[in-house]
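# What the coordinates show
Spelled out from the first residue to the last, the chains are:
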Amino acid sequence: MLSCDICGETVSSEPDMKAHLLIVHMENEVICPFCKLSGVNYDEMCFHIETAHFEQNELERNFERINTVQYGISDNRKDSSLQCRADINSSVHSACASNQPKISAQSLPKDGTLKHKDFYSENLTESRKFLKSTEKQSDRTKIKESIYETMYSPPECPFCGKIEDNSQDMETHVKTKHADLLDTPLEDCNQLLYDCPMCGLVCTNYHILQEHVDLHLEESSFGQGVNRVQCSRDLELAQQLQQEEDRKRRSEESRQEMEEFQKLQRQYGLDNSGGYKQQQLRNMEIEVNRGRMHPSEFHRRKADMMESLAIGVDDGKTKTSGIMEALYRYYQNAATDVRRVWLSAGVDHFHSSFGDKGWGCGYRNFQMLLSSLLQNDAYDDSLKGMSVPCIPKIQSMIEDAWKEGFDPQGASQLNDKLQGTKAWIGACEIYTLLTSLRIKCRIVDFHESTGPLGTHPRLFEWILSYYASEREGSPKVVCTSKPPIYLQHQGHSRTVVGIEEKKNRTLCLLVFDPGCPSREMQKLLKQDMEVSSLKQLRKFVGNLKHKQYQIVAVEGVLSSEEKIARRQASQVFTAEKIP
């Protein structure tokens, strides 16, 4: 192998080298391949390259060798390249064989190079003459273009494949971009380098790289497994926390519900804390301890209570009689703003005592209603031999009505038991008790407001129609034979004993309240009753603003057949609704 000292080109034989020198370096102007120096002869250019570009010349030769190793140039490729060059050289040699003097091997120096001056001076003149004589030949031009096109393609970077215009630009590119690779020994250049796509580690072997990447994948799979385990544990912990929170919430809700239920039980007298008798004795003991009752009074009242309970009749200590007569006298002589007033038949007022304070209003209102019926001859047959019962007796009478089959739903709500409790009763229990006594009555439910601001004017109109069917032509004060009306609303009940019609046509109910003590009711018995005393009885439309009102109105006496029919109807209790 022969190498050109000017450009570093390698050829396989001396004829090829001669053709190379002839075509590349003798025919054209000699130019330094490293710094573009020109205008000098062959010997000067050789000296310039060996002195000024010795390292670059060696480096370029190394690049060629590295390129051969790095990019896998096979022997076949080399052979084909050399064969191409040999064919070109032979073509050049044959084209100019007749005119060019033959160059013998003896004319070459011992080292095989063509850089000596004697060779250059000996053949230079004849070569130039040959070229001048053949410039006009078209086949010569084609051969030259083919040689240049084949042998002098733009330089390509052996590391990254980038193509530059000339060798100097390629040298600059290699020094700046691949400086770290230049320090690699030549014997290591035959080993390809592989970068890990995951961490950037450089591996010298594909199998090593594959094992390294497999480790990455195993670590990733392990990490995912750890993450799945951690997520599973987190989910399990979250579920446990949620279950604990739900358990606490349910426990708190159950506790609150139990407290509310117990509160309702205490409110409605179903907390098994005793009934009328126990509360009466307990409250009287409190009065004695506070000094408000003498011990002898305590024992006297206790004896009276025990006697009342034994015979089942109210002892009358909370009763006030004669109020309806006093009202009749007042309206006859006074009340100039009243156009007309209707009063129930005689009614006694009963108020709460130590034994039923806070829960006995329904029982006291029944006593008021029954006191009026007992004074009315029309009900003697149904109430023959009856007196106003005490509260425990009333509880026993309601239980007996349940046992007969009246209002099974109401009985179930109160656990079929009233005696010995402080259970509240309402309109349904009053209706049940009256019906069991063959008293004809009806329940009317004013379940929603019928006037502005939550008022119930339809309630007042219904009560007016109950007392007076014909208002015109009647006297100012009308003492009817109508029994009083049981009036129930949320948390309390009262008894309606009459109704006023003012001169401006407004209506006002007259109401007995069991929460009003006897000393206040007795003020109505005075001969010179004051208007202020009636304030506790009068209820205008604007005074009744509860959401719902129920009334029980007595209408006569039931036959035995009618009683049975109503007992059957009470299996599913319904009430007349207005509106």
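Scope of this entry: the structure provided in the associated data block. Because the structure is predicted, anything quoted here is derived from the model rather than measured.

Right, let's get into the environment of Glu 555. Relative to the helices and strands, Glu 555 is located in strand S14 (residues 549-557). Each C-alpha atom of the pair Glu 555 and Lys 440 lies 5.4 Å from the other, and the pair is 115 residues apart in sequence. Other than its neighbours up to four places away in sequence, Glu 555 contacts Tyr 379, Lys 440, Cys 441 and Arg 442. Side chain to side chain, Glu 555 and Arg 442 meet in a polar contact 3.1 Å long.

Pro 579 follows Ile 578 through a cis peptide bond whose omega is 0 degrees. Tracing the backbone shows Pro 579 in the segment after strand S15 (576-577). Backbone geometry at Asp 407 places phi at a positive 45 degrees, although glycine is not the residue there. Checked against the element boundaries, Asp 407 lands in the loop between helix H14 (391-404) and helix H15 (408-413). Of note in this structure, Arg 505 is not a glycine but carries a positive phi near 75 degrees. Within the secondary structure, Arg 505 is located in the loop between strand S11 (492-502) and strand S12 (507-512). Residue classification places Arg 505 among the partly exposed positions, given a relative accessible area of 48%.

As a further point, take a negative patch on the surface. A contiguous patch of negative charge on the surface is contributed by Glu 211, Asp 214, Glu 218 and Glu 219. Its location among the elements puts Glu 211 in helix H9 (residues 206-267).

Looking now at the pairing of strand S8 (residues 439-446). Among the 8 residues that make up S8, 6 are buried, leaving the element largely enclosed by the rest of the structure. In this sheet, S15 lies alongside S8 in parallel orientation, the contact comprising 2 bridges. Counterpart to Val 444 in the pairing with S15 is Glu 576.

Right, let's get into the pattern of salt bridges. Summed over the entire model, instances satisfying the criterion amount to 24 salt bridges. Between Asp 304 and Arg 300 there is a salt bridge, with its nearest N and O atoms 3.5 Å apart. One end of the pair, Asp 304, and the other, Arg 300, are both in helix H11 (residues 295-311), 4 residues apart, so they sit about a helical turn from each other. Overall, the relative accessible area of 40% leaves Arg 300 in the partly exposed class. Arg 505 is paired through a salt bridge with Glu 501; the nearest N and O atoms lie 3.3 Å apart. Residue class for Glu 501 comes out buried when judged on its relative accessible area of 2%.

On to the side chain of His 216, then. In this fold, His 216 is placed in helix H9. A distance of 3.1 Å separates the side chain of His 216 from the side chain of His 212, its partner in a polar contact.

Analysis parameters
Residue numbers run consecutively from 1 along every chain, following the written order of its sequence. Selection of residues for local features in this predicted model requires a pLDDT of at least 70, selection of side-chain atom pairs for listing and counting requires 80 or more, and totals for whole chains, interfaces and linings are taken over all residues. Only hydrogens and water are set aside; all other atoms, that is, all heavy atoms of the structure, feed into the side-chain values. Comment: elements are numbered from the N terminus, with helices defined as DSSP H or I runs of at least four residues and strands as E runs of at least two. Contacts are assigned to residue pairs that have any heavy atoms within 4.5 Å of one another. Pairs of N or O atoms within 3.5 Å make up the polar contacts considered here, provided that, within protein, one atom can donate a hydrogen while the other can accept it, and that residues adjacent in sequence are counted only when both atoms are side-chain atoms. The buried label goes to any residue with under 20% of its type's maximum accessible area, the exposed label to any with over 50%, and the partly exposed label to all in between, with areas taken from a 1.4 Å probe on protein chains only. Each patch is built from salt-bridge-free residues with over 30% relative accessible area, joining like charges within 9 Å and nonpolar side chains (Val, Leu, Ile, Met, Phe, Trp, Tyr) within 5 Å. Areas reported as accessible are Shrake-Rupley estimates using a 1.4 Å probe. Residue values count occlusion only from the protein chains shown. A pairing counts as a salt bridge when a side-chain nitrogen of Lys or Arg comes within 4 Å of a carboxyl oxygen of Asp or Glu. Neither His nor the chain termini are counted; the positive set is Lys and Arg, and the negative set is Asp and Glu. By convention, the charge on Lys lies at NZ, on Arg at CZ, on Asp at CG and on Glu at CD. For two strands to be treated as a pair, DSSP must find no fewer than two bridges joining them.

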